Amino acid sequence: MTDDKKETRTSRDRVRPVAGAVSGVVAGFAALAVAELVSAAVRPQAGPVIAVGGAAIDHTPTAVKDWAIRNFGTNDKLVLQLGILSVLALFALALGIVALRFRRSGAAGVLLFGVVGAAAALSRPDSGGWADALPSLVGAFVGAVVLYLLVGLTVPRGGVRAGAPAGTGDTDGPGGADGPGGADGPGGADGPGWDRRRFVIAASAAAAASAGAGALGRGLNGASGRDAVASRNRLVLPKPASPAPAVPRGAGLRLPGISPFLTPNDSFYRVDTALVVPKVNATTWELRIHGTGVSRPRTLTFDDLLRRELIERDITLTCVSNEVGGSYAGNARWIGVRLADLLAECGVVPPSKGGPADQLVARSVDGMTLGTPVEDVMDGRDALLAIGMNGEPLPFTHGFPVRMVVPGLYGFVSACKWIEDIELTTFDSYDPYWVKRGWARRAPVKTQSRIDTPKPFARPKAGTVMVAGVAWAQHRGIDKVEVRVDDGPWQEARLAAEDSRDTWRQWSFPWEAGKGGHTLTVRATDRTGRVQTEKRTRTVPDGASGWHSVVVTVD
């Protein structure tokens with residue numbers, strides 16, 4: 001073999017693993033793109049990335065979920081999806097390289113991932129049955145075919161060494177560089193090696209076709225939500241029969257850095273497990289009320305709700321994942337139907353009056369289940385089936401067309417978004433989603449307070465520094481807020497006017513700040529006389545506790 005031939009062959013040997021890796025990535029892309037297209041005929045949530053992501057959320061330890069929420073906030077779902085795609089890309093790359101030597105095994109590996117995606121889709125609580133497995137299976141089949149064909153194009157022309165595994169591309173032997181069809185034979189000037197130009201054309205065509213399939217699937221999936229968007233755009237909220245009282249003068253302090261009294265919709269926290277925000281058409285939406293103690297089961301439409309007496313209330317919601325001093329609390333003006341009235345019309349009696357059901361299980365269109373004490377819903381508080389938020393129809397991210405709002409309870413036991421089913425049962429008979437994962441069955445909101453300004457590690461100037469923030473104890477109300485500087489005595493802060501006991505309350509404290517480092521700490525007392533505890537606890541199982549502190553340096 002001449003030096004030129006050896007150099008040419010060495011070059012091919014170096015390029016071929018790259019071609020294998022490219023084959024794997026293109027095959028993986030094809031699988032996901034075709035799955036996206038097929039999911040348009042089934043439902044978007046059946047796509048493999050969404051299904052696997054949902055299954056990952058379901059089986060992730062609570063501590064890891066809390067860490068993700070704490071570090072990524074509302075971007076936690078995006079991070080999860082990017083992580084899934086990164087892992088898939090690495091496996092696809094590895095399968096492509098393996099397929100160079102074991103062509104059928106590589107293709108089988110792609111099929112295996114399809115089976116994993118199908119199993120994940122079928123395991124989802126909102127699974128529609130075997131049809132949900134189709135996107136993953138069809139996508140994997142197409143990906144396996146693409147990988148098999150592309151790797152086949154890297155097999156050297158002229159055959160392989162006798163006894164070498166089929167598809168290895170080994171060129172040392174008959175049909176190889178030194179055999180018939182070599183550099184001086186029919187293989188042409190480039191010898192019997194594989195045709196790189198043909199491979200590039202085929203890989204590019206496969207990638208382009210996959211991109212087209214994926215774009216078409218995404219477009220069709222987007223179109224499936226257009227009716228829902230149109231139903232929201234057409235909705236004009238009726239005037240409530242019982243409007244919310246005007247926010248009292250002085251309830252909203254005009255201080256730089258403090259949270260606004262009413263949280264804008266686009267700033268309101270969002271914590272849920274939905275990787276794809278459900279887009280539900282209000283014109284076809286229905287709510288079923290049934291179960292233990294329901295003597296008159298009902299199915300209501302959205303128009304049925306609109307024809308009922310609507311009430312409007314300011315209510316603060318808090319997520320159980322909110323750390324001490326965290327941002328997962330927000331105050332909004334909600335409009336909706338009294339849930340207690342609906343339940344009473346269905347024959348539901350609270351446990352305190354002899355009713356057999358003590359738990360209300362709310363089910364979302366995405367399969368989420370939340371359990372709420374029936375007694376709390378029917379004790380006279382403004383528990384709502386809400387249809388509006390801050391003067392407009394619910395945003396899709398916050399539960400359009402209908403969600404539950406129950407003042408005084410953490411969201412994981414009360415605030416079901418995209419609700420479609422209410423079943424009356426008992427706590428002994430059924431554990432909802434979060435209870436199965438170690439969270440409490442009952443979870444009233446704990447008395448909490450937060451310093452909004454100054455921010456941690458701020459460097460204010462010496463002199464009067466306004467310390468301000470919010471405190472909440474929904475359904476009990478805030479009676480007092482105190483601030484402590486370093487290890488000094490507790491000093492009472494000025495409370496803003498109270499809107500209602502179901503909303504948070506702003507507070508302020510003018511601090512005569514001296515130069516140097518200082519620690520500011522806040523605590524609240526609710527209307528029952530309960531003082532916010534100093535004891536620090538985690539969010540699991542029923543909400544974090546402890547005092548919020550910030551460290552500042554006064555210049």
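What counts and what doesn't
Residues numbered from 1 in each chain as written. Predicted model: local features only at pLDDT ≥ 70, side-chain atom pairs only at ≥ 80, totals over all residues. Heavy atoms only, no water. Domains from an automatic or database assignment. Contact = heavy atoms within 4.5 Å. Buried area = accessible area lost by both parts, 1.4 Å probe. Salt bridge = Lys/Arg side-chain N within 4 Å of Asp/Glu carboxyl O. Polar contact = N/O pair within 3.5 Å; in protein donor to acceptor, adjacent residues only side chain to side chain. Helix = DSSP H or I, 4+ residues; strand = E, 2+ residues; numbered from the N terminus. Buried < 20%, exposed > 50% of the residue type's maximum accessible area, 1.4 Å probe, protein only. Arc of directions from axis to C-beta. Pairing = 2+ DSSP bridges. Axes fitted to C-alpha atoms, helices over the stretch in contact; angles between N-to-C directions. Phe/Tyr/Trp six-rings, centres within 6.5 Å; stacked < 30°, edge-to-face > 60°.

### Topic: the domain arrangement of the protein
Per the domain assignment, the segments of the protein are domain 1 (9-155 + 196-221), domain 2 (282-437) and domain 3 (448-554). Centre-to-centre separation of domain 1 and domain 2, based on C-alpha positions: 38 Å. With eleven residues of domain 1 in contact, the opposing surface of domain 2 contributes nine residues. Between domain 1 and domain 2, roughly 790 Å² of surface is buried when both sides are summed, and carbon and sulfur atoms account for 45% of that area. The tally of links from domain 1 across to domain 2 stands at zero salt bridges. Linking domain 1 to domain 2 there are two residue pairs in polar contact (both at pLDDT 80 or more). Of all elements in the fold, only α2 (48-59) and α3 (62-72) reach the threshold of two or more residues within the side of domain 1 that touches domain 2. If one sorts the elements of the side of domain 1 that touches domain 2 by residue count, α3 sits on top with five residues.

### Quick notes on α3
Among all positions in α3, only Thr62, Lys65, Asp66, Ala68 and Ile69 are buried. Summarising the axial view, the buried residues of α3 lie within an arc of 160 degrees, below the 170-degree limit, and thus occupy one face. Those residues of α3 that are buried are in contact with α2 and α4 (76-101).

### Details of the pairing of strand β7 (residues 384-389)
Burial analysis of β7 places six of its six residues in the buried class, the great majority of the element. Pairing of strand β4 (residues 329-338) with β7 involves five bridges; the strand directions are antiparallel. Residue pairing in the sheet places Trp334 in a bridge with Met389 of β7. Where β7 lies against strand β9 (residues 403-405), three bridges are found, and the strand directions are antiparallel. When the sheet's bridge partners are listed, Leu385 is paired in β9 with Met404. Inspection of the sheet shows β7 paired to strand β8 (residues 392-393) by two bridges, in the antiparallel sense. Its bridge partner lying in β8, Met389 is registered against Glu392. Joining the antiparallel neighbours β7 and β8 is a turn of two residues, in which Asn390 adopts a positive phi near 55 degrees.

### A closer look at the sheet that holds strand β6 (residues 369-373)
With respect to topology, five strands assemble into an open sheet ordered β2-β1-β10-β5-β6, the strand pairing being mixed. Either end of the sheet is taken by a strand with one partner, and the two such strands are β2 (298-301) and β6. For this sheet, the mean inter-axis angle between neighbouring strands, taken without regard to orientation, is 20 degrees. Pairing of strand β1 (residues 286-291) with strand β10 (residues 419-425), which is carried by four bridges, proceeds in the parallel orientation. Each residue of the ladder has a partner; that of Gly291, found in β10, is Leu424.

### Examining the packing of aromatic side chains
According to the stated counting rule, one finds twelve aromatic pairs in the structure shown. Ring geometry for Phe268 and Tyr269: centres 5.3 Å apart, planes at 20 degrees, overall stacked. On the basis of relative accessibility, which here comes to 7%, the residue Phe268 falls in the buried class. Relative to Tyr328, the ring of Tyr269 has its centre 6.1 Å away and its plane inclined at 50 degrees; by these criteria the two rings are tilted. Placement of Tyr269 in the loop between α8 (226-234) and β1 and of Tyr328 in the loop between β3 (311-318) and β4 is noted, with a sequence separation of 59 residues between them.

### Notes on the environment of Gly114
Inspection of the secondary structure assignment puts Gly114 in helix α5 (residues 103-123). A relative accessible area of 4% means that Gly114 is categorised as buried. For Gly114 and Leu137, which are 23 residues apart along the polypeptide, the C-alpha to C-alpha distance reads 4.9 Å. Those residues within four positions of Gly114 in sequence are excluded, and the remaining contacts are Ser136, Leu137 and Ala140.

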